[in-house]
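# Summary of structural features
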Amino acid sequence: MTEHSLYGPLDDVAGEAGYDDHPPRMGFFTDTSVCIGCKACEVACKEWNGVPADDFDLLGMSFDNTGHLGANAWRHVAFVEQRAQDLGMPSFDRPGDGSGPESRTDFRWLMSSDVCKHCTHAGCLDVCPTGALFRTEFGTVVVQQDICNGCGYCVSGCPYGVIERREGDGRAQKCTLCYDRLRAGEEPACAKACPTDSIQFGEVDELRDRAAARVAALHERGEVGARLYGADPDDGVGGTGAFFLLMDEPEVYGLPPDPVVPTRDLPAMWKRAGLAAVAFAAAAAVAFAGGR
Amino acid sequence: MPEEARFRSYYGQPVLQEPAWEWPVPAYLFAGGVSAGSTLLAVGADLTGRPALRRAGRLGALVSLGAGTVFLVADLGRPERFLHMLRVAKPTSPMSVGTWFLVAYGPGVGVAAAAEVLPARWRLGRLLRWLARPAGLSSAVVAPGVAAYTAVLLSQTAVPAWHEAHPELPFVFTGSAAAASGGLGMVCVPTPEAGPARAFAVLGGVAELVSARVLDARLGLVREAYGTGRAGRLRHWAELLTAGGVLGAALGARRSRAVAVLSGAALLAGSALQRFAVFEAGVASTRDPKYVVVPQRERIARSRDEAGVVGQPPRQAE
Ligand code: SF4
Ligand code: SF4
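So, how was this worked out
Residues numbered from 1 in each chain as written. Chains lettered and ligands numbered in written order. Predicted model: local features only at pLDDT ≥ 70, side-chain atom pairs only at ≥ 80, totals over all residues. Heavy atoms only, no water. Contact = heavy atoms within 4.5 Å. Buried area = accessible area lost by both parts, 1.4 Å probe. Salt bridge = Lys/Arg side-chain N within 4 Å of Asp/Glu carboxyl O. Helix = DSSP H or I, 4+ residues; strand = E, 2+ residues; numbered from the N terminus. Nonpolar A, V, L, I, M, F, W, Y, C, P; charged D, E, K, R; others polar. Buried < 20%, exposed > 50% of the residue type's maximum accessible area, 1.4 Å probe, protein only. Pairing = 2+ DSSP bridges. Phe/Tyr/Trp six-rings, centres within 6.5 Å; stacked < 30°, edge-to-face > 60°. Lys NZ or Arg CZ within 6 Å of the ring centre and 35° of its normal. Patch = residues over 30% accessible without salt bridge, like charges linked within 9 Å, V, L, I, M, F, W, Y side chains within 5 Å. Areas by Shrake-Rupley, 256 points an atom, 1.4 Å probe, with all protein chains shown as cover. Near = heavy atom within 4 Å.

What follows is about the interface of chain B and chain A. Between chain B and chain A, the residue contacts involve 80 residues of the former and 90 residues of the latter. When chain B packs against chain A, close to 6,800 Å² is buried across both sides, 59% of that on carbon and sulfur atoms. Linking chain B to chain A there are five salt bridges. If you list the elements that add at least two residues to the side of chain B that touches chain A, you get helix 1 (24–47), helix 3 (94–117), helix 4 (123–155), helix 5 (160–163), helix 6 (169–188), helix 7 (195–218) and helix 11 (290–306) of chain B. Top element by residues in the side of chain B that touches chain A is helix 4 of chain B. It accounts for nine residues. Classifying every residue of the side of chain B that touches chain A by side-chain character gives 46 nonpolar, 21 polar and 13 charged.

Written out as structure tokens, the structure reads:
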């Protein structure tokens, strides 16, 4: 195994996983700047994938009563209410005169539909001991429900806190990027349901270009906070198949600012464990050599 | 403002999932360590003519391995699918590697222990006696791996307290395994024959204490997860018990059987608490987003410094 396969940029994700002939890598570009927080994605995902909708809670986090991605939430819309630090100059314009960022009030609302990132180097997939988690021909990451034995390792392997064991079921659950729909030539349910095209589905290469253009356009309009998250193949997970345009720092949306796949350190970890194992055996030998 | 870590988050919510694992996992870490160490003691005792230590080691290795296996299966979401672990051998998954270590390790342990209990007048008993030494040796080859891999099992995760600890954790765990198995030998074996168990326990206990301290000294923010709350209390007791056990083993256990039993028990308890402490520290480090956000922010700032970027990244509303 080369070091390359554990970490760093990787052009052909499905090819690396052993597919000779495969479709292009598919993914999501979630443009949060146009998200209106309607949660159609959450509902469509539950409908299509049969994800239970049984935990009704009022969380007191703005309009977010889902809380976090998990076994029963494969899409999660975050709502962030922000008060600007500087209130700006008083203005004598009539409301509605302007439409650019200069016309904003001191309050803004960020909404973002989060999802499994379908990482290039997926921590969950690397640690799965049964082979239940696998890389599809589309370059996505999916759990085979008939294989998973609920060991729970993937839950701690994901640097984004996405995958979770479902209570009462015992198996790990997360977004499949609608693997069944993709195979039938359909787009995923959430992207189909999104009324503002905040969730865009397509070939990852094409989506990355589209995203770069969109950020540039927003910067031009004065939205200096706009940034891409996950679109960089040089990041800690080799770039993600599902990436985002955010309007503020990732942690504001509950995302890790600089996630790294734990597997990056695997060679170093085994080296230390090897040393410790040798020391353990040596201690036993010494114990008998000097035995009284 | 005091030097409390300042960071932004989503309503203070955790970034990571809490580990799906519960107490059976640290219990397995402990049991696996006891088994691996006992196997080494049994093989050494077999080769140097110490029948009581050999017997205790072989039986102790099997009982703890059996308990460990039960813990492992119990923590699965679908225990009946335990054997799915054997579908694949995956070098990137320490759990898969560990499973195959156990597959290689277990049979020898079973044969060696069976040889201790089956009477020699049975034909099977005689056969097993003849097989016991090579069987024990075959397990002894894998035993250090069994004791050490569990550190990688925890570290190969996004859990801050486990991942950040990866350089020292293997030494904490193998030290803890040696201390516990030596302690078990001291409890079960008459003092004249227990010399190697005492020595093993002292070496292991010291290694565990020292590497835990080294770990503490190196860790950044996440040291707090080890030092406070439940993990902190468990760790405190683990240290006291192990230190006490080491002193007893080194100074009094040679002459007094009572001291030997007490110190042995203290070492076993200390080792177990050490495993639970590390486990709890990991869980705590997933509950508070600061353990994820603050170090990652620092990493970004460092790499920006190295790249010579000046100024702050664009930041809008707070
Ligand atoms: S985001 Fe987490 S669950 Fe999704 S592919 Fe990456 S590591 Fe796996
Ligand atoms: S819980 Fe299931 S999918 Fe996750 S690592 Fe274990 S076997 Fe693989």
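The next thing to look at is the pairing of strand 10 (residues 242–246) of chain A. Residue and element names in this part refer to chain A. The element strand 10 is largely enclosed, with a buried count of five among its five residues. The two faces of strand 10 match: Ala242, Phe244 and Leu246 on one face and Phe243 and Leu245 on the other face are all buried. Where strand 9 (residues 227–229) lies against strand 10, three bridges are found, and the strand directions are antiparallel. By the bridge assignment, Arg227 is partnered in strand 10 with Leu246.

Residue and element names in this part refer to chain A. The full count for this structure, using the stated rule, is 17 aromatic pairs over all chains. Taken together, Phe63, Phe79, Phe107 and Trp109 form an aromatic cluster joined through their ring pairs. Seen from the ring of Phe28, Arg75 lies directly overhead, with NZ or CZ sitting 4.6 Å from the centre. Its guanidinium or amino end placed over the ring of Tyr7, Arg264 lies 5.6 Å from that ring's centre, counting from NZ or CZ.

The subject of this paragraph is a nonpolar patch on the surface. Residue and element names in this part refer to chain B. A contiguous nonpolar patch, built from Trp122, Leu124, Leu127, Trp130 and Leu131 and spanning about 550 Å² of accessible area, is present on the exposed surface. Inspection of the secondary structure assignment puts Trp122 in the loop between helix 3 and helix 4. Using a relative accessible area of 44% as the deciding quantity, one classes Trp122 as partly exposed.

Taken together, the neighbourhood of ligand 1 is formed by 13 residues, with A:Cys116, A:Lys117, A:Cys119, A:Cys124 and A:Cys158 sitting nearest. When the residues that make up the shell around ligand 1 are grouped by side-chain class, the tally is nine nonpolar, two polar and two charged.

Here we come to the pattern of salt bridges. Once their charged atoms are close, side chains differing in charge can pair, the charge on each being opposite to the other. Residues and elements named next belong to chain B. Scanning the entire structure with this criterion turns up 26 salt bridges over all chains. In this structure, the salt-bridge partner of Arg213 is Glu239, at a minimum N-O distance of 2.9 Å. Pair noted here: Arg213 is in helix 7 and Glu239 is in helix 9 (residues 229–251), with a separation of 26 residues, a long-range link. Glu239 gets classed as partly exposed once you look at its relative accessible area, which sits at 26%. By sharing partners, the salt bridges in this structure join Asp46, Arg54, Arg55, Arg58, Glu116 and Arg133 into a single network.

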